[in-house]
Amino acid sequence: MILSTLQKKKYTFSLGLKLPPYLDSKHLQQAATIINAYSKMVRYVASINTIGNALSVDPVSEAPFISSNNGLAGLSGPAVKYTALANVRQMRNHLDAAIDVVGVGGIETGEDAFLFLLCGATAVQVGTCHWKEGPKCFDRICDELKAIMAEKGYSKVDDIKGKLKAWSKEGAALTRAAKKKQQAEEEEEEANKTDAAQEKKDEDYSLKMMNNILMVVIVALLAQRYGLYEYLGLE
Ligand SMILES: Cc1cc2nc3c(=O)[nH]c(=O)nc-3n(C[C@H](O)[C@H](O)[C@H](O)COP(=O)(O)O)c2cc1C
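Residues numbered from 1 in each chain as written. Predicted model: local features only at pLDDT ≥ 70, side-chain atom pairs only at ≥ 80, totals over all residues. Heavy atoms only, no water.

- Per an unreviewed UniProt entry, the protein chain goes by the name Dihydroorotate dehydrogenase catalytic domain-containing protein and belongs to Craspedostauros australis.
- Looking at the Pathway (unreviewed entry) heading of the UniProt record, one finds this comment for the protein chain: "Pyrimidine metabolism; UMP biosynthesis via de novo pathway."
- What the UniProt record of the protein chain gives under Cofactor (unreviewed entry) is the line "FMN". (UniProt positions renumbered as here; feature names shortened; annotations may be inferred.)

Okay, here's the thing in structure tokens:
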């Protein structure tokens, strides 16, 4: 209704729309059809807003974590990431190419940003993570994204944007191999840690023994110096 009013009044500015999460693909498609009818006016959509009507309960106080609205509020952060990825992916598929999709929902790392770009986002928004970590999260996320791109040989965002591949046996095999490699690396790291801890233990023990021997030698020398052996009849 707002869009049709604006169009009738022949406003010329561009609009960005913040979209709710659609939990049913049909609803998402219907929303995209409506938005496409205003493609001259709508420049981008940001998908998704929080998932409404969530309740977080504190086991210590046995009460809701937040005071307002009987503790009911919108859900954000990592818990909404998969819904957000699905919405971004489908919105990108249904919307006119001229309308950009900004991905938002649970983005905390460069890898998260990478996934949203693959699903067709032109840009990403970071909400909850910024609230928890502060503005330094932006540089960190950018650096992590750059590192992933460099490792995979991508030089620009357009190399990734909307390039989500179809599931394949070859892809799944790559994932299994990568997991196996990571597991082996973690096991090696754990073994190195154990070796280092044992080495430190051995070193500490040797040092203690040397200290004890030194003490015995010093006591023996002092005893000799002050004639203790003679006094005790040991010489
Ligand atoms: C405390 C808080 C306040 C928010 N206020 C708004 C708002 O005023 N307008 C809006 O469009 N979205 C608002 N959002 C939703 C976020 O913009 C974002 O869509 C959602 O939190 C998912 O992203 P995130 O997981 O990165 O936080 C708010 C979210 C939070 C947690």
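**So, the nonpolar core**
Taken as a class, soluble globular proteins show a tendency for nonpolar side chains to be buried jointly.
Move 1: By size, the foremost hydrophobic cluster in this structure holds 39 residues, and its most contacted members are Ile 35, Val 42, Val 45, Met 91 and Leu 95.
Move 2: The set of elements that each furnish at least two residues to this core consists of helix H1 (2-8), strand S1 (15-19), helix H2 (25-36), strand S2 (42-47), helix H3 (81-94), helix H4 (110-118) and helix H6 (136-152).
Move 3: Sequence-distant contacts of Ile 35, that is, excluding residues within four places in its chain, are made with Leu 17, Leu 19, Val 42, Val 45, Leu 95 and Ile 99. (Core = buried A, V, L, I, M, F, W, Y, C linked by side-chain atoms within 4.5 Å. Buried < 20%, exposed > 50% of the residue type's maximum accessible area, 1.4 Å probe, protein only. Helix = DSSP H or I, 4+ residues; strand = E, 2+ residues; numbered from the N terminus. Contact = heavy atoms within 4.5 Å.)

**Section: the sheet that holds S2**
Move 1: Overall, parallel pairing links the four strands, which are arranged S1-S2-S7-S8 in an open sheet. Two strands close off the open sheet at either side, each with one partner strand: S1 and strand S8 (123-125). Within this sheet the neighbouring strands show an average axis-to-axis angle of 25°, counted without direction.
Move 2: Pairing between strand S7 (residues 100-104) and S8: three bridges, direction parallel. If you follow Val 102 over to S8, its bridge partner there is Ala 123. (Pairing = 2+ DSSP bridges. Axes fitted to C-alpha atoms, helices over the stretch in contact; angles between N-to-C directions.)

**Here we look at the site of the ligand**
Move 1: In the region of the ligand, the neighbouring residues are Lys 18, Ile 48, Asn 49, Thr 50, Ser 76, Gly 77, Val 104, Gly 105, Gly 106, Gln 125, Gly 127 and Thr 128.
Move 2: Interatomic distance of 3.1 Å between a side-chain N/O atom of Gln 125 and an oxygen atom of the ligand.
Move 3: Note that an oxygen atom of the ligand is positioned 2.5 Å from one of the side-chain N or O atoms of Thr 128.
Move 4: Across the shell around the ligand, the residue classes tally to two nonpolar, nine polar and one charged. (Near = heavy atom within 4 Å. Polar contact = N/O pair within 3.5 Å; in protein donor to acceptor, adjacent residues only side chain to side chain. Nonpolar A, V, L, I, M, F, W, Y, C, P; charged D, E, K, R; others polar.)

**Considerations on the packing of aromatic side chains**
Move 1: Tallied over the entire structure, the rule returns zero aromatic pairs.
Move 2: Directly above the ring of Tyr 226 sits Arg 225, whose terminal nitrogen or CZ lies 5.3 Å from the centroid. (Phe/Tyr/Trp six-rings, centres within 6.5 Å; stacked < 30°, edge-to-face > 60°. Lys NZ or Arg CZ within 6 Å of the ring centre and 35° of its normal.)

**Notes on the pattern of salt bridges**
Move 1: All told, the structure shown has nine salt bridges when counted by the stated rule.
Move 2: For Glu 144, the salt bridge goes to Arg 140, with nearest N and O atoms at 3.0 Å. Separated by four residues within a single helix, Glu 144 and Arg 140 lie in helix H6, roughly one turn from each other.
Move 3: Classification of Arg 140 as partly exposed rests on a relative accessible area of 26%.
Move 4: Close ionic contact of Glu 185 with Lys 181 constitutes a salt bridge, the shortest N to O distance being 3.7 Å. Taken as a pair, Glu 185 and Lys 181 lie in helix H7 (residues 169-225) at a separation of four residues, close to a single helical turn.
Move 5: The network of salt bridges with shared partners includes Glu 133, Arg 140 and Glu 144. (Salt bridge = Lys/Arg side-chain N within 4 Å of Asp/Glu carboxyl O.)

**Regarding the side chain of Asp 112**
Move 1: In this fold, Asp 112 is placed in helix H4.
Move 2: A distance of 2.8 Å separates a polar atom in the side chain of Asp 112 from a polar atom in the side chain of Lys 81.
Move 3: Sequence-distant contacts of Asp 112, defined by excluding residues within four places in its chain, comprise Lys 81, Gly 106 and Ile 107.

**Quick notes on H4**
Move 1: Across the nine residues of H4, seven count as buried, placing the element largely inside the fold.
Move 2: Regarding H4, the residues found buried are Gly 110, Asp 112, Ala 113, Phe 114, Phe 116, Leu 117 and Leu 118.
Move 3: Among the structural elements, H3, S7, S8 and H6 are those in contact with the buried residues of H4.
Move 4: Two residues or fewer past H4, Gly 120 is found with a positive phi of approximately 110°.

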